[in-house]
Amino acid sequence: MKLHVEKLCKRFYEPARGEFFACNEISFEVGQGEIFGLLGPNGAGKTTTLRVISTILKPTSGSAHLGDIDIFQDPDAARRAMGFLSSSTGLYERLTPREILTYFGRLSGVAEPALKEKIESLFLALDFKQFADARCGKLSQGTKQKVSIARAIIHDPKLMIFDEPSTGLDVLATQSMHEFIKQAKGEGKCIVFSTHIMSEAEKLCDRIGIINDGKILAQGTLAELRALTGETYLEEVFMALVRKYELAK
Amino acid sequence: MLYPALLVGSAELVMFKADSDRDKNITYAVSGPSDKGLEQIDAILQKRKHFKKVECAQPEKDLAEGKVDAVITRKADYVELRVNQLLKVATLATTINDNLKSAYLQELTEAFSSKGLAKENSQGFAIVSQNITASGSTQKIAGSPEGRSRVNKLENISATLCLMIFSLLMLGLGAAYPSIAVTAEEFERNTIETSCLLPVSRSMIMLGKVAAVSTFAAVSGLVNFVSMYSVAALVLSQAKLFPRFSSDHLVFNLNIAQTLGLIACYLLLAVLISALMIFATSFCRTVRSAQQWTTFPLLIILLLPPCALFPNLELNSRMMWVPILNCTLMLKAIFSGVPFNYTFIVVIAVSLFVSFVSLALARIFLFEQVDPGAYFGRKADSFARRFSKKETSA
Ligand SMILES: Nc1ncnc2c1ncn2[C@@H]1O[C@H](COP(=O)(O)OP(=O)(O)O)[C@@H](O)[C@H]1O
Ligand SMILES: [Mg+2]
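Only a predicted model underlies this, so the values are computations on that prediction, with no experimental measurement involved.

The secondary structure content of chain B amounts to 15 helices and six strands. Scored against the burial criterion, the 394 residues of chain B give a buried share of 51%. Look at the contacts in chain B between residues 6 or more apart in sequence, and 70% of them connect residues 24 or more apart. Looking at chain B as shown, the accessible area adds up to about 18,200 Å², and 64% of this sits on carbon and sulfur atoms.

This is the structure we're talking about:
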């Protein structure tokens with residue numbers, strides 16, 4: 001399965017700014033077992049792009065396909081095949097992780113006997129079995145994030161979308177998050193991942209799309225981007241691309 | 001403040017109306033062959049100052065034309081009193097009931113037993129109303145040979161119905177907090193995103209929300225009703241604090257169909273009120289603002305249903321179009337033994353329609369906030385924004 005995004009646009013309206021495109025003709029592809037990173041500053045349109053792909057927002061125009069599934073035509077099928085996680089995603093505080101996973105698993109169509117096993121294996125894999133029956137409101141930020149991860153992958157999605165997953169996590173939690181993403185890559189999933197942290201992108205991504213002001217300025221492997229700009233460090237690559245973009249405007 | 005005043009006020013109104021009707025003379029005629037049982041009742045009624053016997057040649061016809069208020073007839077094993085429906089049946093029943101319950105009941109029972117009629121198997125006092133406007137068929141609204149609890153029924157309406165209607169406030173409160181939890185709290189905790197990610201259509205999500213809220217609402221309303229009912233029964237059985245009320249007033253004899261109708265009507269109200277609550281909170285981003293918005297549906301629930309207790313307000317072809325009130329009038333109608341008719345269907349249809357519309361609007365408001373401009377375009381979006389602070393997405 002391959003994610004194929006073509007000329008995706010999303011227009012917003014704000015009284016102060018008028019109409020504007022938060023993402024503007026965004027196109028990219030992510031293959032199986034590949035991590036694609038959207039790298040850009042705050043307000044660049046990363047979240048908007050990922051939310052449109054995950055069907056939370058309706059696109060203004062453009063198309064996206066996951067394998068044979070037309071994501072915008074058949075959102076239910078697409079949702080069944082993808083997991084979405086953002087740093088701001090909340091949990092129902094009065095439910096326990098086990099209840100949350102059962103709830104989302106059932107609604108995502110995981111068959112009942114398999115669901116129990118799946119939940120147990122997620123507890124072990126993400127290492128929060130001791131909190132399985134505590135209320136989510138009482139858990140630490142890192143554990144909450146683990147529950148959110150488990151929630152996002154309970155239905156074994158082919159495509160995983162992470163929107164700045166390490167925001168608000170400490171070093172250890174960030175580390176285990178990175179481990180988890182790498183592991184998912186090993187399992188052959190498509191992974192789209194957004195961040196404003198250069199080192200994170202450098203470390204994790206197979207290919208990087210530099211996004212600014214709603215547009216992808218350049219995309220490719222780190223080597224390709226270096227070659228394109230003649231800079232060595234990703235930060236400089238990024239700055240060079242932004243400067244070029246500003247000049248062109 | 002307001003509610004107790006309203007409660008006492010409406011109860012007083014019911015009693016006041018009953019009192020004023022009670023002071024009216026009720027004319028009655030005897031029809032058909034007389035016998036000792038009939039004569040006995042005739043004698044008792046004649047002794048009562050409110051009853052006035054009139055002689056008529058054609059009692060049934062006069063009853064239909066309203067020249068006489070009631071006609072008593074000897075039936076196989078009971079005495080039947082037919083009343084013109086134009087008369088307030090409830091008051092008449094109360095009056096007769098009072099007569100039979102008081103010393104006269106004693107007298108009557110003695111009279112019967114002296115005539116060799118045992119107290120148990122005899123002589124309930126059947127009250128039948130005659131529907132003269134429609135097909136001319138008679139409709140038995142209360143009374144049977146079985147005894148006096150049946151006769152009490154109409155009188156009992158007000159107390160139990162009052163409690164049931166007052167429990168609706170608790171039902172509304174029971175709907176308020178869950179409805180905030182399924183709307184504004186979803187935004188405050190940022191869980192709405194996860195709901196949107198489920199392979200479930202947004203209409204199904206709304207359906208799930210209203211099902212959850214109305215279950216909660218119905219349970220809290222019913223628990224409240226049961227507890228008020230038990231307390232009232234306990235108090236009335238223990239003390240003579242309220243000379244006009246006795247625990248008999250709380251008895252209601254409903255058959256299975258009526259009981260089911262009552263429960264269905266209550267659940268319908270739970271769904272309707274929940275839908276209104278969800279609608280009222282659907283454009284709120286914060287729990288705090290949602291709490292303020294629930295005031296409006298709560299106010300409606302506070303003011304509208306008790307209006308059904310006004311004695312002259314009945315479920316008719318005009319009232320059946322007023323949402324919420326028509327449901328409580330339907331409760332009242334079921335209590336009064338009105339059989340299932342087209343007005344009930346209209347009430348159900350109106351309630352379901354209003355619930356549907358509120359949920360459809362709530363769905364738009366709710367998901368419009370998730371995806372601004374998706375439903376309204378940019379103009380209405382800035383309008384919706386006035387209600388809800390823009391999300392500050394990092
Ligand atoms: N719901 C919204 N309504 C209007 N403007 C929005 C909305 N969400 C995001 N924006 C705007 O779109 C732009 C891109 O935002 P976002 O995608 O959140 O950026 P990023 O995730 O890269 O920081 C920002 O300028 C932001 O203000
Ligand atoms: Mg973002």
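Anyway, onward from the coordinates.
What follows covers the environment of B:L304. Residue and element names in this part refer to chain B. Relative to the helices and strands, L304 resides in the loop between α12 (295-303) and α13 (325-335). Taking C-alpha positions, L304 is 40 Å from K61, a pair spaced 243 residues apart along the chain. Apart from the residues lying within four places of it in its own chain, the contact partners of L304 are P323, I324 and L325.

Residues and elements named next belong to chain A. The strand order β2-β1-β4-β5 describes an open sheet built from four strands, whose pairing is antiparallel. Since the sheet does not close on itself, it has two edges, and those belong to β2 (18-30) and β5 (69-70), each with one partner. Taken together, the two bridges between strand β4 (residues 61-66) and β5 define a ladder with antiparallel strand orientation. Residue pairing for β5: L66 is matched across the bridge by I69. With respect to the sheet, helix α1 (residues 46-53) is in contact with β1 (3-14) and β2, its orientation differing from that of β1 by roughly 120 degrees.

With that settled, the discussion passes to unusual backbone geometry. Residue and element names in this part refer to chain A. The phi dihedral of E25 is positive, around 50 degrees, even though this residue is not glycine. You can see E25 is positioned in strand β2. If you check the backbone angles, E164 has positive phi at about 40 degrees while not being a glycine. Here E164 lies in the loop between β7 (159-163) and α6 (171-186).

Residues and elements named next belong to chain A. Residues in contact with ligand 1 amount to 16 residues; listed here are only the nearest, R17, G43, K46, T47 and T48. One of the side-chain nitrogen or oxygen atoms of R17 is found 2.8 Å away from an oxygen atom of ligand 1. Here an oxygen atom of ligand 1 sits 2.4 Å away from a polar atom, N or O, in the side chain of T47. Contact with the protein chains removes 90% of the 560 Å² of surface that ligand 1 exposes when unbound. For the shell around ligand 1, the elements supplying multiple residues, two or more each, are β1, β2 and α1. Residue contributions to the shell around ligand 1 peak at three residues, all from α1.

Here we come to the pairing of strand β9 (residues 207-212) of chain A. Residue and element names in this part refer to chain A. Counting buried positions along β9 gives six out of six residues, so the element sits mostly inside the fold. Here β9 shows two buried faces, one formed by R207, G209 and I211 and the other by I208, I210 and N212. Inspection of the sheet shows strand β3 (residues 35-39) paired to β9 by four bridges, in the parallel sense. If you follow L38 over to β9, its bridge partner there is G209. Bridge analysis of β9 against strand β10 (residues 215-220) gives five bridges, and the strand direction is antiparallel. Residue pairing in the sheet places G209 in a bridge with Q219 of β10.

To continue, consider the sheet that holds β3(A). Residue and element names in this part refer to chain A. If you walk across this open sheet you meet the six strands as β6-β7-β8-β3-β9-β10, and the pairing is mixed. Pairing within the sheet leaves two strands with one partner each, and these edge strands are β6 (82-86) and β10. Within the sheet, the average angular offset between the axes of one strand and its neighbour, ignoring direction, is 15 degrees. Strand direction decides the pairing type here: β6 and β7, joined by five bridges, are parallel. Note that in β7 the partner of S86 across the bridge is D163. Contacting β3, β9 and β10, helix α9 (residues 234-248) runs over the sheet at an angle of about 40 degrees to β9.

For the rest of this paragraph, the subject is the interface of chain A and chain B. Every contact between the two is made by 30 residues of chain A and, on the other side, 28 residues of chain B. Summing both sides of the interface, chain A and chain B together bury roughly 2,600 Å²; the carbon and sulfur share of this comes to 52%. Of all residues in chain A, A:Y13, A:I56 and A:R79 bury the most surface against chain B, accounting for 24% of the area lost on that side. There are four salt bridges connecting chain A and chain B. Run the count over chain A and chain B and you get 15 residue pairs in polar contact (both at pLDDT 80 or more). Going through the elements one at a time, β1, α1, α2 (75-81), β6 and α3 (97-107) of chain A are the ones with two or more residues in the side of chain A that touches chain B. Among the elements that make up the side of chain A that touches chain B, the one with the highest residue count is β1(A) (four residues). The residue inventory of the side of chain A that touches chain B, partitioned by class, reads ten nonpolar, nine polar and eleven charged.

Inspection of the entire model under this criterion finds 17 salt bridges over all chains. A:K2 is the partner of A:E29 in a salt bridge, and the nearest nitrogen-oxygen pair spans 3.3 Å. Note that A:E29 is positioned in strand β2 and A:K2 in the segment before β1, a separation of 27 residues in sequence. For A:E29, a relative accessible area of 31% puts it in the partly exposed group. Given the relative accessible area of 44%, A:K2 is considered partly exposed. We note a salt bridge from B:R189 to A:E93, for which the minimum N-O separation is 3.8 Å. With B:R189 in the loop between α7 (184-188) and α8 (192-196) and A:E93 in the loop between β6 and α3, this pair bridges two chains.

Right, let's talk about the state of the cysteines for a bit. Counted by the stated rule, this structure contains zero disulfides over all chains. Between A:C205, a cysteine without a disulfide, and A:C190, which holds the nearest cysteine sulfur, the sulfur-to-sulfur distance is 14 Å. The closest cysteine sulfur to the non-disulfide-bonded B:C307 is located on B:C162, 13 Å from its own sulfur.

This next bit is on the nonpolar core. One recurring pattern in soluble globular proteins is that nonpolar side chains are buried together. Core analysis: the largest hydrophobic core is formed by 146 residues, its most contacted members being A:L3, A:F28, A:I53, A:I71, A:I181 and A:I208. Top contributing element to this core by residue count: helix α10 (residues 256-281) of chain B, with twelve residues. Sequence-distant contacts of A:L3, that is, excluding residues within four places in its chain, are made with A:F28, A:E29, A:V30, A:I53, A:H65, A:L66, A:I71, A:L159, A:C190 and A:V192.

Rules behind the numbers
- Residues numbered from 1 in each chain as written.
- Chains lettered and ligands numbered in written order.
- Predicted model: local features only at pLDDT ≥ 70, side-chain atom pairs only at ≥ 80, totals over all residues.
- Heavy atoms only, no water.
- Helix = DSSP H or I, 4+ residues; strand = E, 2+ residues; numbered from the N terminus.
- Buried < 20%, exposed > 50% of the residue type's maximum accessible area, 1.4 Å probe, protein only.
- Contact = heavy atoms within 4.5 Å.
- Areas by Shrake-Rupley, 256 points an atom, 1.4 Å probe, with all protein chains shown as cover.
- Pairing = 2+ DSSP bridges.
- Axes fitted to C-alpha atoms, helices over the stretch in contact; angles between N-to-C directions.
- Near = heavy atom within 4 Å.
- Polar contact = N/O pair within 3.5 Å; in protein donor to acceptor, adjacent residues only side chain to side chain.
- Buried area = accessible area lost by both parts, 1.4 Å probe.
- Salt bridge = Lys/Arg side-chain N within 4 Å of Asp/Glu carboxyl O.
- Nonpolar A, V, L, I, M, F, W, Y, C, P; charged D, E, K, R; others polar.
- Disulfide = S-S within 2.5 Å.
- Core = buried A, V, L, I, M, F, W, Y, C linked by side-chain atoms within 4.5 Å.

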